[in-house]
Amino acid sequence: MKIKLWINEKEFTDDVSPDIALLEWLRSKGFYSIKRGCETSNCGLCTVLLDGKPVLSCSTLAIRANGKYVTTLEGVEKDALEIGGFMADEGSEQCGFCSPGFIMNVIAMKNELTNPTEEEIKKYLVGNLCRCTGYVGQLRAIKNYLKSTKEV
Amino acid sequence: MKVVNKSVRKKDAMSLVTGKPVYTDDITTGSSLIVKLLRSRHAHAIVEEINTERALKLPGIECILTYKDAPQSRFTNAGQSFPEPSPYDRLILDKRLRCVGDPVAIVAGWDEKNIDKALRFIKVKYQVLEPLLDFTKSKDNEVLIHPEEDFKSLVDIGADNNRNLCSSENSEYGDVEEQFKNCTHIIEETYHTQANSQTMMETFRTHTSFDAYGRLNVISSTQVPFHVRRIVSNALEIPKSKIRVIKPRIGGGFGAKQSVVSELYPALVTMKTGKPAKMIYTRKESFTNGSPRHEAQITIRLGSDDDGNIKAIHMYSLWNAGAYGDHGPTTVGLSGHKAMTIYNKVNAFKFDFDVVYSNTMWGGAYRGYGATQGIFALECAVNELATKLNMDPTELRMKNMLTHEQVGNKMPAYYNEVLNSCHLDKCLIKAKEMIDWDNKYPYREVGKDKIRSVGCAVAMQGSGISNVDVGAVEIRLNDDGFYTLMIGATDMGTGCDTILSQMAADILECDLENIVVHGVDTDLSPYDTGSYASSTTYITGMAVVKTCKSMREKILSEGARLLKIPVEKVEFDGKNVFSLEDDKSISLKDIANFSLVGENNYITASESHYSPTSPPPFMAGVVEVEVDKLTGKVDIIDYVAVVDCGTVINPNLSRIQVEGGIMQGIGMALYEDVTHDKKGRLTSSSFLQYKIPSRLDVKDIRVEFESSYEPTGPFGAKSIGEIVINTPSPAIAHAVYNATQVNIRQLPITSEKIVMGMLENKKK
């Protein structure tokens, strides 16, 4: 099936199998930031933005992205460096395997919520699992990040 | 210390957070065969016939390998030093299948859909055998899991395959029975822990190919590259010189990747076809056939006098190896030795264990490595004893456990090692203060049917395996004066590449940026037993210290030669070698550049380190929970941890270790439930059923350090990686008891068990 979409603002056209997941198709195009941690839409590692909204690319068919704008971590390097910097300052990136999906969802959260409380942050990001950090280091990083953006 | 004890960023941090392609599946993106396994549906069966003809005709199928195609030398998958103390009880593909998911055939092809189809097209005739699924019935059962004649163990570990014994041992110090006679209070209970899955976010994965020299290259997500080289050599019956193992960035390990799990199948495919091959475990496979923590049933007798002086401890660990014995004989030892040693004042202790085979998934290494199971059992028993004595459990501990006062004493339960450093008393005092124990213990009613209570536990672990673990390090001085630090220790995300560089930078008195470090490659990196047993900071760290000191000596002598001054008359400040007598000096940059031209001395240094002792880090964990008495729901309000890991090399990275370990421990305590159906099939095989904690499950985790100074460690450091998982289960069980008067002795502590226990109590 023919699809046309934009990845990080660049146009792509392809003839894809109707059952291929967006995750696999994006990785096959070289967007290796996207990771798979499960096959059951549980871990959040494969999060990308579809028309600005976070989706799990492991359980989104590539054809569903037809005509839409996909954003991967490669497309938001400035944000990734900024948010990631706060994570690195806490040591809370650790193995880093969940970081791309996590940062994508932090970006989505920042677009969606104004001045979120600690509880709201946790609820928004609850679908992003991490086994290294125990989450509290990530929370410190996100709070520092949000604080820094407020001051600007 | 300018760099050590500072919270510097991890050297690889920014590439990780920007999603750079650095993991196995990212750097092996060329065309390679996809490898999948046909796995057994039966827990116990023999392959009688296997027909692959129809499957092989599918387009893109390159090969299908069965037991007829695999080498016949038995080996172990356990990543341990040779001779491995785990039995050689495996083949890559065996005719006899010992658990659901055991591999029946390897299918390799170019097209995933056809591979999936091929898996369905393979026709297997099984002779289905009676499975032995209850490990408490394994010993001397008629059903034998390993009847094969070529079963062997390289080390005397009490293995007897004709009795389903993977390992067994009895040990006693003092006369336990005699001591129990003098005890006025005795706790005798049995505790049960589950086969927790590590669930590192990156599942098992390996890429194999032949290089230009015709050698088998194995790129794998592993904690033990050098052990992988040996295991691949054993299993494939090829010399080690023909194998190169490379470890890129890895997405977490927690011990799971201390076993060979995904390596051998693509390796066999590459050997047979000559083509590159890649195998990526699904999350489901990682659950069903990974290498989880061993399930354990631990019986404890614990006796004290009226004043709470603990006189004797007797522990019996019954350990479920599952289908294969990887790490079974070694994990079990920690359940006794690392738990009982905490109560070093006892007059007598006894420790017996049996590690038994069954037709369930095999166990492996998981953070804590057996100490976790033993500490859950013993700390629960100690809390139960405190209740019996009507004594504050923290007071009972202060009376009996290792404290700074015992520094210099021998620890009979810990192979007679001498305690060189200990701040466990400070840890417990601090933890109590942080949570306001004296005001909160044991509980407070906070509303209708809601109770808030506190619970405590202490723990110890080791730092490397004494007299076994080895870390070798090389360092090179490059042009312009930067250093390349070559280590064989595996950074699995914890930051060892960074903390070892911090140590090097301190000794060489340079900036951290002046030290270049990278991942492990068995062709290039110096030997290291690997990242496990909490050994990296302590063992490899000490090798870094020795190597960098040696490097300093060489820089001094080369500087002196170039300055034409006797070496006794020069000093090095990290930037220049200078004369102690006049103003002559030469920069490191010049020394480095001169070392690479003309009459030169190329400057490298290499030292290795092992330790005759394995100094224990210590930790006190105190939890505050809220229990809903109607539903039995437990909420973690606050978890406080105070750790003595000696000198903290990087406070931020250490803190994250503690927080992460506690969260894993909380998962083990409350949520992670392993369930099977009647035929032995794992039903909790995805994140839908096997619930690890999310960020909503814990309100707060607070961490402090009470650092002692370990004289045998680098900069006074001990380990941190494993101990941190050990306190949540017993501390939470204790808090739940304090809220409900129900002792849950079988993990996980589910709401159902709590409510049922409360109903039982009402009946009494």
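All values derive from a computational prediction rather than experimental measurement. Throughout this document, residue positions are counted from 1 along each chain, in the order its sequence is written. Naming scheme: in the order in which they are written, chains are lettered from A and ligands are numbered from 1. Confidence filtering applies because this is a predicted model: local features only for residues at pLDDT of at least 70, side-chain atom pairs given and counted only at 80 or more, and all residues used for totals across whole chains, interfaces and linings. As a rule here, side-chain values cover all heavy atoms of the structure and leave hydrogens and water aside.

Residues and elements named next belong to chain B. Only centres within 6.5 Å qualify two rings of Phe, Tyr or Trp (six-membered ring in Trp) as a pair; their planes then separate them into stacked at under 30 degrees, edge-to-face at over 60, and tilted for everything else. Within this structure, the stated rule accounts for 15 aromatic pairs over all chains. Ring centres 5.6 Å apart and planes at 75° place the aromatic pair Phe204 and Tyr281 in the edge-to-face group. With Phe204 in the loop between β8 (185–193) and β9 (205–210) and Tyr281 in the loop between β12 (277–280) and α8 (283–288), this residue pair connects regions lying 77 residues apart in the sequence. Each member of the pair, Phe204 as well as Tyr281, carries the same accessibility label: buried. Three or more aromatic residues link up through ring pairs in this structure, and these residues are Phe287, Phe687 and Tyr690. Positioned above the aromatic ring of Trp362 is the side chain of Arg90, whose terminal nitrogen or guanidinium carbon lies 4.4 Å from the ring centre. Geometrically, a charge over a ring is one whose NZ (Lys) or CZ (Arg) sits within 6 Å of the ring centre while staying within 35 degrees of the ring normal. Over the aromatic face of Tyr366 sits the side chain of Arg293, whose NZ or CZ is 4.3 Å from the ring centroid. Each helix corresponds to a stretch of at least 4 residues labelled H or I by DSSP, and each strand to a stretch of at least 2 residues labelled E; elements are numbered beginning at the N terminus. Using a 1.4 Å probe on the protein chains alone, a residue whose accessible area is under 20% of its type maximum counts as buried, one over 50% counts as exposed, and one in between counts as partly exposed.

By the convention used here, residues are in contact when the closest approach between their heavy atoms is within 4.5 Å. Counting residues at the interface gives 55 residues for chain B, matched by 53 residues for chain A. Buried area between chain B and chain A, both sides added, is near 4300 Å², and the carbon and sulfur share of it is 57%. A quick way to say it: buried area is the sum, across both parts, of accessible area lost when two parts are put together, with a 1.4 Å probe. Three residues stand out in chain B for area buried against chain A, namely Val17(B), Met201(B) and Arg695(B), and they jointly supply 21% of the buried area on that side. One speaks of a salt bridge when a side-chain nitrogen belonging to Lys or Arg is within 4 Å of a carboxyl oxygen belonging to Asp or Glu. Here chain B and chain A share nine salt bridges between them. In this structure, the salt-bridge partner of Asp25(B) is Arg27(A), at a minimum N-O distance of 3.2 Å. Here a polar contact is taken to be a pair of N or O atoms separated by no more than 3.5 Å, where protein atoms must pair a possible hydrogen donor with a possible acceptor and residues adjacent in sequence count only if both atoms sit in side chains. In this structure, the connection of chain B to chain A is made through 30 residue pairs in polar contact (both at pLDDT 80 or more). Contributions of two or more residues to the side of chain B that touches chain A are made by α1 (13–17), α2 (24–27), α8 and α17 (651–671) of chain B.

What follows concerns the environment of Glu295(B). Among the secondary structure elements, Glu295(B) is positioned in strand β13 (residues 295–304). Discounting residues that sit within four places of it in the chain, Glu295(B) has contacts with Phe135(B), His192(B), Thr193(B), Gln194(B), Ala195(B), Leu318(B), Trp319(B) and Asn320(B).

We now examine the packing of α17(B) against helix α18 (residues 728–740) of chain B. Geometrically, a packed helix pair is captured by the angle between its two axes and the distance between the axes. Residue and element names in this part refer to chain B. With axes taken as lines fitted to C-alpha atoms, and helix axes fitted only over the stretch in contact, angles between N-to-C directions fall between 0 and 180 degrees. Direction vectors running N to C along α17 and α18 enclose 55°, while the axes themselves pass 8 Å from each other. By the criterion of interaxial angle, the relationship of α17 to α18 is oblique. You can see that α17 and α18 cross each other, and the crossing is right-handed. Here Ile662, Gly665, Ile666, Met668, Ala669 and Leu670 of α17 lie close against α18, whose contacting residues are Pro728, Ser729 and Ile732. Under the grouping applied here, Gly and all other residues not named as nonpolar or charged are polar, the nonpolar ones being Ala, Val, Leu, Ile, Met, Phe, Trp, Tyr, Cys and Pro and the charged ones Asp, Glu, Lys and Arg. Classifying every residue of the contact of α17 with α18 by side-chain character gives seven nonpolar, two polar and no charged. An angle below 35 degrees is treated as roughly parallel, one above 145 as roughly antiparallel, one from 65 to 115 as roughly perpendicular, and anything else as oblique. By convention the crossing between two helices is left-handed if the near helix lies anticlockwise of the far one by an angle smaller than a right angle, and right-handed if it lies clockwise.

Before going further, it helps to spend a moment on the UniProt feature "domain: Aldehyde oxidase/xanthine dehydrogenase a/b hammerhead" (unreviewed entry) in chain B. UniProt positions are given in the numbering used here, feature names are shortened, and annotations may be inferred rather than shown by experiment. UniProt marks residues 18–130 of chain B with the feature "domain: Aldehyde oxidase/xanthine dehydrogenase a/b hammerhead" (unreviewed entry), using the numbering shown here. Strand forms 30% of residues 18–130 of chain B and helix 16%; the C-alpha atoms that close the span are 52 Å apart.

A few words on the domain arrangement of chain B. A common way to express how large an interface is: the accessible area buried when the components associate. All names here are of chain B. We note that the domain assignment places domain 1 (13–129 + 198–289), domain 2 (420–461 + 614–763) and domain 3 (465–610) within chain B. Domain ranges listed in this record stem from an automatic or a database domain assignment. Here domain 1 and domain 3 have C-alpha centroids that lie 37 Å from each other. A per-residue breakdown of the area domain 1 buries against domain 3 is headed by Gln223, Phe226 and Lys247, which together make up 38% of the total. Linking domain 1 with domain 3 are four salt bridges. For Arg244, the salt bridge goes to Asp523, with nearest N and O atoms at 3.5 Å. Counting across the domain 1 and domain 3 interface gives eleven residue pairs in polar contact (both at pLDDT 80 or more). Every element with two or more residues in the side of domain 1 that touches domain 3 is listed here: α6 (225–236) and β11 (243–247).

All names here are of chain B. Along the chain, Asn196 turns up in the loop between β8 and β9. In this structure Asn196 comes out as buried when scored by relative accessible area, which is 1%. Counting along the chain gives 472 residues from Asn196 to Met668, while the straight-line C-alpha distance between them is 6.7 Å. Residue contacts for Asn196: discarding those within four places in its chain leaves Pro292, Arg293, Tyr366, Met668, Glu672 and Tyr690.

All names here are of chain B. Position of Leu580 relative to the elements: it lies in the loop between β25 (576–579) and β26 (585–587). Residue classification places Leu580 among the exposed positions, given a relative accessible area of 52%. Note: C-alpha distance between Leu580 and Val570 (ten residues apart in sequence) is 5.4 Å.

Turning our attention to the nonpolar core. Residue and element names in this part refer to chain B. Buried Ala, Val, Leu, Ile, Met, Phe, Trp, Tyr and Cys residues form a nonpolar core when they are joined through side-chain atoms within 4.5 Å. Ranked by internal contacts, the top residues of the largest apolar core, which has 188 residues, are Ile92, Ile106, Leu302, Tyr343 and Leu378. With eleven residues, helix α10 (residues 371–389) is the largest single contributor of residues to this core. Beyond its immediate sequence surroundings of up to four residues, Tyr343 is in contact with Ile310, Ile313, Leu378, Glu379, Val382, Arg397, Asn400, Met401 and Val458. Residues Val473, Ile591, Phe715 and Ala717 belong to the second largest nonpolar core, which totals 44 residues.

Attention now moves to the pattern of salt bridges. All names here are of chain A. One pass over the full model with this rule turns up 62 salt bridges over all chains. A salt bridge links Glu90 to Arg140; its shortest N-O distance comes to 2.9 Å. Placement of Glu90 in helix α2 (residues 77–90) and of Arg140 in helix α5 (residues 136–151) is noted, with a sequence separation of 50 residues between them. On the basis of relative accessibility, which here comes to 13%, the residue Glu90 falls in the buried class.

Moving on to the pairing of β25(B). All names here are of chain B. Burial along β25 is one-sided: Val577 and Ser579 are buried, and none of Asn576 and Phe578, which face the opposite way, are. Here strand β24 (residues 570–572) folds back onto β25, and the loop between the two strands holds three residues, one of which, Gly574, carries a positive phi near 95°. When DSSP finds at least two bridges between two strands, those strands are taken to pair. As paired elements, β25 and β26 share three bridges and run antiparallel to each other. Directly across from Val577, in β26, lies its bridge partner Ile586. In sequence, β25 turns back onto β26 through a hairpin of five residues.

All names here are of chain B. With respect to topology, four strands assemble into an open sheet ordered β22-β21-β20-β27, the strand pairing being mixed. The open sheet has two edge strands with one neighbour each: β22 (515–517) and β27 (604–609). When the angles between neighbouring strand axes are averaged without regard to direction, this sheet yields 20°. Here strand β21 (residues 483–487) pairs with β22 via three bridges, running parallel. Residue pairing across strands places Leu485 opposite Val517, the latter belonging to β22. Strands in contact with helix α15 (residues 536–563) are β20 (471–477), β21 and β27; relative to β27, the strand with the most contacts, it is inclined by about 150°.

Residues and elements named next belong to chain B. Spatially, β4-β2-β6 is the arrangement adopted by the three strands of the open sheet, whose pairing is antiparallel. Both outer strands of the open sheet, β4 (96–97) and β6 (123–128), are each paired with one neighbouring strand and no more. Looking at chain direction, strand β2 (residues 45–51) and β6 are connected through six bridges and run antiparallel. Each residue of the ladder has a partner; that of Ala45, found in β6, is Val128.

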